[in-house]
Amino acid sequence: MTHTLHRRGSKESLSHDFVIHSMPARGFNHEGARPKLQKFLEIVRRHGAVNTGDGKRGNQYYLEPDDMYDNLATITHAVFTDEDALTEVLKELKEADVGMSITTSGLHEKLFACCAKAGIKPFAMEHSLGILGNTSRLPDDEIMQITTMCGHAMVSQGLVRRLIRKIKKGEMTPAQAGIELAKPCQCGVFNPVRAAELIEEHCALYCVSEK
Amino acid sequence: MYYEIDEDECVDCGVCLRAGVCSTEALHMPDYDYPRVLRSQFSDPLVVHPKTNVPGRGTEEMKTIEVTGRIKRGFVGIACEMGRPTVGARFADVEKVAMALAKLGVEFEPANPCTQVMADPKKGTIKDEVKNEKVLSAIIEMVVPLAEAKAVLATIREVAGEVGCVFSVDLICPLTEDGSVPTVAILEELGWQVPPNGKVNNGLGRPLAAEVQQ
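Residues numbered from 1 in each chain as written. Chains lettered and ligands numbered in written order. Predicted model: local features only at pLDDT ≥ 70, side-chain atom pairs only at ≥ 80, totals over all residues. Heavy atoms only, no water.

S.K.: Got a minute to help me understand the interface of chain A and chain B in this structure?
M.R.: Each partner contributes to the interface: chain A provides 66 residues, whereas chain B provides 69 residues. Summed over both partners, the interface of chain A with chain B buries about 6,000 Å², with 61% contributed by carbon and sulfur atoms. Connecting chain A to chain B are two salt bridges. Here Lys-121 of chain A ties to Glu-177 of chain B by a salt bridge, and the two come within 3.0 Å at their closest N and O atoms. Here chain A and chain B share 28 residue pairs in polar contact (both at pLDDT 80 or more) between them. With ten residues, strand 6 (residues 124-133) of chain A is the single largest residue contributor to the side of chain A that touches chain B. Where strand 6 of chain A meets strand 8 (residues 197-201) of chain B, four bridges bridge the pair, whose relative direction is antiparallel. (Contact = heavy atoms within 4.5 Å. Buried area = accessible area lost by both parts, 1.4 Å probe. Salt bridge = Lys/Arg side-chain N within 4 Å of Asp/Glu carboxyl O. Polar contact = N/O pair within 3.5 Å; in protein donor to acceptor, adjacent residues only side chain to side chain. Helix = DSSP H or I, 4+ residues; strand = E, 2+ residues; numbered from the N terminus. Pairing = 2+ DSSP bridges.)

Okay, structure coming up:
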């Protein structure tokens, strides 16, 4: 489930995209995990996460806030656009010391810097080694910068193109499109703010017919 | 407007159903039997796989390794995420990569759903009835000694030209005691360009695995 590993884009764009998840290890510390995951959710909400989700039940666009909080059972996600907020979250998580595993995704140099400021010694890292195989079947890279924010591929390239058309026709704003794109990503790891920025930037590359 | 779902290409991910795009509720997920049911188990992250008890198609991999100790210092986790991103993969393509890796003697992660559809995990062969099933992604997952990582990665690169799908490659390693990343030298030696982003396990899970405490 490396669903937050393969996000694509320029360093500048990726520098505003951080995912953090909290998870119990099945068979080790799963029993009694709910209040610990709830503590995580309290902290990330307080620090302005732009998306949150329960990996088993759905994201904040499908679940009411209390429903998500009351029924957390497994991997819990949050997305931030700001490394300072991520640092504060890490500091609080270290202090809370609830014992759930915490994984962060983003630019490595920024993740390590956040850990250092929070007084955390990272344990392991995971590299994306890119895409191999018949890459001629992939969508345009501009589209993939958006769709890969849902590593489970729940955000289709067709939806991105459809929303670009709507924006170009004046039927929707990029911010609204960002939220529409975040909805199918059930885990809640999609960054709607970055999506809006990317879609606004890439709109100029696409033409729409008046029909 | 007229839409037709090509059931042979459909991976049963459930996105169209959840989008609620059909006002007359004409879309439905058929109640499929094995082996077709594997498609939703590998493609819909809300379907919990019956063997792993984890939503999605993988394992906890590096997310909890400070607790589980499943990748120890001196070892690396390597995964080929067949079909990712977006394109999807038939298990016949999964088999091509798995067989090439099996020849190196790697052991596939037994808890991974992909290993569980193998006819012979030692050879990397997939069960005949499963080979034509198409899924959004299936993860070939293994843990190998650091010293063998170079050969495994070189084989992955070699076999990539033989498949019709795309796949993403992952490399996981515990950091050394002084915080350095032991895989950097291997990647440099292979001339493997690495994106600047990825994932970090922050080591906050408790209790720590015995190996980590030492």
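S.K.: What's the story with the sheet that holds strand 6 of chain A in this structure? I'm lost.
M.R.: Strand pairs in the sheet, formed through backbone hydrogen bonds, run parallel or antiparallel to each other. Spatial ordering of the open sheet is given by 3(A)-2(A)-4(A)-1(A)-5(A)-8(B)-6(A)-7(B)-1(B)-6(B), a layout of ten strands whose pairing is antiparallel. The strands lining the two open edges of the sheet, one partner per strand, are strand 3 (58-59) of chain A together with strand 6 (138-145) of chain B. When strand 5 (residues 101-107) of chain A meets strand 8 of chain B, the two strands line up antiparallel, connected through five bridges. Each residue of the ladder has a partner; that of Thr-104 of chain A, found in strand 8 of chain B, is Val-200 of chain B. Along the sheet, helix 4 (residues 83-96) of chain A makes contact with strand 1 (18-23), strand 4 (76-80) and strand 5 of chain A, crossing strand 1 of chain A at roughly 20°. (Axes fitted to C-alpha atoms, helices over the stretch in contact; angles between N-to-C directions.)

S.K.: Can you help me understand the layout of surface pockets in this one?
M.R.: Where empty space is left can be seen by rolling a probe of water-molecule size over the atoms. Volume-wise, the largest pocket comes out at about 2,000 Å³. Around the largest pocket sit 50 residues that line it, and Ser-156 of chain A together with Ile-5, Val-15, Cys-16 and Val-21 of chain B are the ones nearest its centre. Residue assignment for the lining of the largest pocket shows that the elements contributing at least two residues are helix 7 (157-168) of chain A together with helix 1 (15-19) of chain B. Looking at the lining of the largest pocket, the element that brings in the most residues is helix 7 of chain A, giving seven residues. Looking at the lining of the largest pocket, its residues break down into 26 nonpolar, eight polar and 16 charged. (1 Å grid on protein atoms, 1.4 Å probe; cavity = no way out; pocket = protein on both sides within 12 Å on 5 of 7 lines; lining within 4 Å. Points joined across faces, edges and corners; volume = space filled by probe spheres on them. Nonpolar A, V, L, I, M, F, W, Y, C, P; charged D, E, K, R; others polar.)

S.K.: Sorry if this is basic, but what is going on with the nonpolar core here?
M.R.: Grouped burial of nonpolar side chains is what soluble globular proteins tend to show. Ile-20 of chain A together with Ile-140 and Leu-153 of chain B are the most contacted members of the largest nonpolar core, which has 73 residues in total. Tallying contributions element by element places helix 4 (residues 91-102) of chain B first for this core, with seven residues. Leave out the neighbours within four places in its chain, and Leu-153 of chain B touches Leu-129 of chain A together with Ile-78, Val-169, Leu-171, Ile-186, Leu-187, Leu-190 and Trp-192 of chain B. Residues Met-149, Met-154, Leu-163 and Leu-198 of chain A belong to the second largest nonpolar core, which totals 28 residues. (Core = buried A, V, L, I, M, F, W, Y, C linked by side-chain atoms within 4.5 Å. Buried < 20%, exposed > 50% of the residue type's maximum accessible area, 1.4 Å probe, protein only.)

S.K.: I keep staring at unusual backbone geometry and nothing clicks. Help me out?
M.R.: In most cases, non-glycine residues show a negative phi, while peptide bonds are predominantly trans. Residue and element names in this part refer to chain B. Backbone torsion omega between Tyr-34 and Pro-35 reads 5°, so that peptide bond is classified as cis. Among the structural elements, Pro-35 can be located in the loop between helix 1 and helix 2 (38-43). With an omega dihedral of 5°, the bond running from Arg-84 to Pro-85 counts as a cis peptide bond. Tracing the sequence through the fold places Pro-85 in the loop between strand 1 (75-82) and strand 2 (89-90). The phi dihedral of Asp-12 is positive, around 60°, even though this residue is not glycine. One can find Asp-12 in the segment before helix 1. Taking relative accessible area as the criterion, Asp-12 reaches 3% and is therefore assigned buried.

S.K.: Looking at this model, I keep getting lost on the side chain of His-6 of chain A. Mind explaining?
M.R.: Mapped onto the elements of the fold, His-6 of chain A is located in the segment before helix 1 (11-14). Polar contacts involving the side chain of His-6 of chain A include one to the side chain of Ser-128 of chain A, which spans 2.8 Å. Within the structure, the side chain of His-6 of chain A is placed 2.8 Å from the side chain of Asp-170 of chain B, a separation counted as a polar contact. Contact partners of His-6 of chain A, with chain neighbours within four places excluded, come to Ser-128 and Thr-148 of chain A together with Glu-81, Arg-84, Ser-168, Val-169 and Asp-170 of chain B.

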